[in-house]
Structures are given as structure tokens and as C-alpha cells.
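Structural overview
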Amino acid sequence: MSVSKLDPAIRRQYEAFRDQGYVLIDNALEGFDLNEVRGAFEQARTATQPAWKDMVASGVFKGGYGHGPDAHSIEDPYLFHRCFLDIADNPSTRDLMRAIIGPGMQMTETFAHIHHAHSNPHTGWHRDWPTYRHPRYALKAKAFYYLDDQTPDMGCFALVPGSHLNDDFPPHKDYVGEQLEAMPGMIKIVPKAGTALIWDVTLWHSATANTSDQDRRILIYGYQPFWVKNWESKTPPVQAIDWADTPERRQLMGIHAVDGRAAWDRQDVAYLPEHEALAKAKVI
Ligand SMILES: O=C(O)CCC(=O)C(=O)O
């Protein structure tokens, strides 16, 4: 859909995203019971805590977003609770995300992320990859959902507004340790619980130290066009397949495309009958 045809409210958010590289949406979790989401989050934390502790003790770290001594990153939290899939398809952010990513949007990653009280930044200044620019769409945007009110000492996510338009990567070596927060133009994102931050992964961004007494708890979702490889040789987990009970959800989970070629569809997951009809009607 052309930008001029977007709903005016979505268009304003879309234009802020294109201009500044990010947009904040208040009360984005209003359709969900925040306490239930927090409970599900803690359930996932409890289930994965022993493995995280073993990893910290071993000193060998792998996993998403600074998984290590300063952060506990729980990949695919929907394996523990279905509400994390419902939030992936959140009506409060879905239309904006589709406007940003374009037709054939899928979710390519999700984490429940804890940046512990009294811990160092779990990552420094970076952008996720070079600026592959498109005049209308972004190659990847993330949604962060905040489960708690943030304060500036709570290990806030930091970014430089507009830096997605720079060709260069951030001068990260000049802004480490005590100097991390001296990055020119940086702002900290300090929203209320239930807010969503939608941001372009080519923004210059960093974690900051959490010097407060409270863990920072966020949900992370990454969205990309369907033609980006997602599961590769891994069959999507049964929880994702069962949840994806409409063609639109099949697409969101990177299984079968609605807007896209039938040849992109996974062969290791059976079509929903109505989706198979859609795929058969495609010419390519
Ligand atoms: O958790 C943070 O504050 C940093 C996140 C980050 O670097 C990323 O999502 O790429």
C-alpha cells in the first residue's frame, strides 16, 4: 500500500519511524493482561534459569542479546507460554509494522530478555548490520515491549535518533566503559510499562548499565520480509505451528506465505486447507 493510503495515525507513526528510526507506542499491551504476561515471563525465567546459571559458571556464552553474566535472554519464550505468540500478532502494532516491513511480513526472532539489577551493559554501541536502504520499507525492525516502568538507571536501551540514515557504523571504540553514555546525540528510552518501542536495527544503539535495584524485563520481536530465510533446516516448533491457525499467522511465523511466492513455502509443515488453496492459485 502506498504511504498516502495509510490510515492517518499509522502514517504519522510510519513517518516518525522513517525520519528518526524509532517510534514509541503508549499502552501497546492494552489488549493483554499485563500481570498475566509478567507471570508467563517469570515462568519462562524459572524454566531457563538453571541453564543460564550453568552457562555463567562455565564462562562460555551463546544466545541472543548479550546472553551472559549481565543478561538472561530466553529465546522463543512461546515454548513456555502462548501469550508470547499472541503479542507477536498484537493489533496495537501490527498495521504499523506491516507498513514498515511491507507485504509478506514475518517474525524472525523473539526473546524474553532480563537485564539484571546491578549489572554492566550487556552490549556496546553497534548497529545490527549495514544500511541496505529501501525507499519505502525497512529490512528489519524490532518491537520491544516494556513489562515495567523504566527509570534512567535501569539499564535503559539507548539510541541515536536519525542514525539509521548515517552510512557509517558508530565509533564504538571511543564510547566504551565510563564513556559509553557520552555518545553524541544519544537518548535513553525510559517508557512506562506496556509501551512498545518500534525501531530500525540500523540505528546506532547500545545497552547501558543497570545500576538500579530492579531487573529490566522486556519482550523482543524482530520482523522481516518473508523472503528472508527464517527456520532454514529446522522445522518450526509444534507450539508455533499449532498457534498459526490462519494463513496470516502461518505467514507471520515464516511457514507459508500469503503475500509471496508458493515456492517460498515450507514443505515440512502441512498447509492449512484454506492456505493450500491460496498457494495453488499462485502463478509462481
Ligand atoms: O537490550 C538492549 O538494551 C540492547 C539490545 C540490542 O542491542 C539489540 O536488540 O540489538
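In this report, we go over the structure that sits alongside the text. (Residues numbered from 1 in each chain as written. Predicted model: local features only at pLDDT ≥ 70, side-chain atom pairs only at ≥ 80, totals over all residues. Heavy atoms only, no water.)

Here's the deal with the side chain of His 122
So the rule is basically this: Helix and strand assignments come from DSSP, with helices taken as H or I runs of at least 4 residues and strands as E runs of at least 2, each series counted from the N terminus. Throughout this description, buried means an accessible area under 20% of the type-specific maximum (1.4 Å probe, protein chains only), exposed means over 50%, and partly exposed covers the range between. It only takes one pair of heavy atoms within 4.5 Å for two residues to be counted as in contact.
On the secondary structure map, His 122 appears in the loop between β3 (105-115) and β4 (141-146). On the basis of relative accessibility, which here comes to 15%, the residue His 122 falls in the buried class. Beyond its immediate stretch of four places on either side in the chain, His 122 contacts Tyr 65, Gly 66, Asp 70, Ala 71, His 113, His 115, Ala 207 and Arg 216.

Focus: the packing of aromatic side chains
What counts is decided by this rule: When the centres of two rings from Phe, Tyr and Trp lie within 6.5 Å, Trp using its six-membered ring, the rings pair. Their planes under 30 degrees apart give stacked, over 60 give edge-to-face, and anything left gives tilted. Only Lys NZ and Arg CZ are tested; either one counts as a charge over a ring when it is within 6 Å of the ring centre and within 35 degrees of the ring normal.
The final tally for this structure, using the stated rule, is five aromatic pairs. Seen in terms of ring centroids, Phe 226 and Trp 264 are 6.4 Å apart; in terms of plane orientation they differ by 20 degrees. Their pairing is stacked. Pair noted here: Phe 226 is in the loop between β9 (216-225) and α5 (238-243) and Trp 264 is in the loop between α6 (247-252) and α7 (273-280), with a separation of 38 residues, a long-range link. Judged by its relative accessible area of 6%, Phe 226 falls in the buried class. According to the relative accessible area criterion, Trp 264 is partly exposed, its value standing at 35%. Chaining the aromatic ring pairs together yields one cluster made of Phe 144, Phe 157 and Trp 199. The ring centre of Phe 41 lies 5.8 Å from the NZ or CZ of Arg 217, which sits over that ring.

Some points on the nonpolar core
Cut-off, in case you're wondering: For this analysis, a nonpolar core means a set of buried residues of the types Ala, Val, Leu, Ile, Met, Phe, Trp, Tyr and Cys, connected via side-chain atoms within 4.5 Å.
Core analysis: the biggest nonpolar cluster contains 50 residues, and Ile 198, Leu 219, Tyr 221, Tyr 223 and Met 253 have the highest contact counts within it. Residue contacts for Leu 219: discarding those within four places in its chain leaves Val 37, Phe 41, Phe 84, Ile 87, Phe 111, Ala 112, Ala 143, Phe 144, Tyr 145 and Leu 147. Phe 111, Phe 144, Phe 157 and Ile 220 belong to the second-largest nonpolar core, a separate cluster that totals 13 residues.

Comments concerning the site of the ligand
Operational definition: Whether a residue is near a molecule or strand depends on its heavy atoms: it is near if one of them lies within 4 Å of it. Polar contact is defined as a pair of N or O atoms within 3.5 Å, subject to the rule that within protein one atom must be able to donate a hydrogen and the other to accept it, and that residues adjacent in sequence are counted only when both atoms are side-chain atoms. What sets the accessible areas is the Shrake-Rupley method with a 1.4 Å probe; for residues, cover comes only from the shown protein chains. When residues are grouped by polarity, Ala, Val, Leu, Ile, Met, Phe, Trp, Tyr, Cys and Pro land in nonpolar, Asp, Glu, Lys and Arg in charged, and all others, Gly among them, in polar.
Close contacts around the ligand come from 13 residues, with His 122, His 126, Lys 142, His 205 and Arg 216 the closest. One nitrogen or oxygen atom from the side chain of His 122 is found 2.8 Å from an oxygen atom belonging to the ligand. Burial of the ligand by the protein chains amounts to 99% of its free accessible area of 300 Å². Residue composition of the shell around the ligand, by class: five nonpolar, five polar and three charged.

Concerning the packing of helix α1 (residues 8-20) against helix α4 (residues 91-101)
To keep it simple, the criterion reads: Working convention: axes come from line fits to C-alpha atoms, limited for helices to the stretch in contact. Angles between N-to-C directions cover 0 to 180 degrees. Orientation categories follow fixed angle ranges, with anything under 35 degrees roughly parallel, anything over 145 roughly antiparallel, 65 to 115 roughly perpendicular, and all other angles oblique. Helix crossings fall into two classes, left-handed where the near helix is turned counterclockwise from the far one by less than a right angle and right-handed where it is turned clockwise.
Following both chains from N to C, one finds α1 and α4 inclined at 50 degrees, their axes separated by 10 Å at the closest point. Classified by the angle between their axes, α1 and α4 sit oblique to one another. Of the two elements, α1 crosses α4, and the hand of that crossing is right-handed. Within the contact between the two elements, α1 uses Ile 10, Gln 13, Tyr 14 and Phe 17 and α4 uses Asp 95, Leu 96, Ala 99 and Ile 100. Considering only residue class, the contact of α1 with α4 consists of six nonpolar, one polar and one charged.

Remember that the coordinates give geometry; whether it matters functionally is a separate question.
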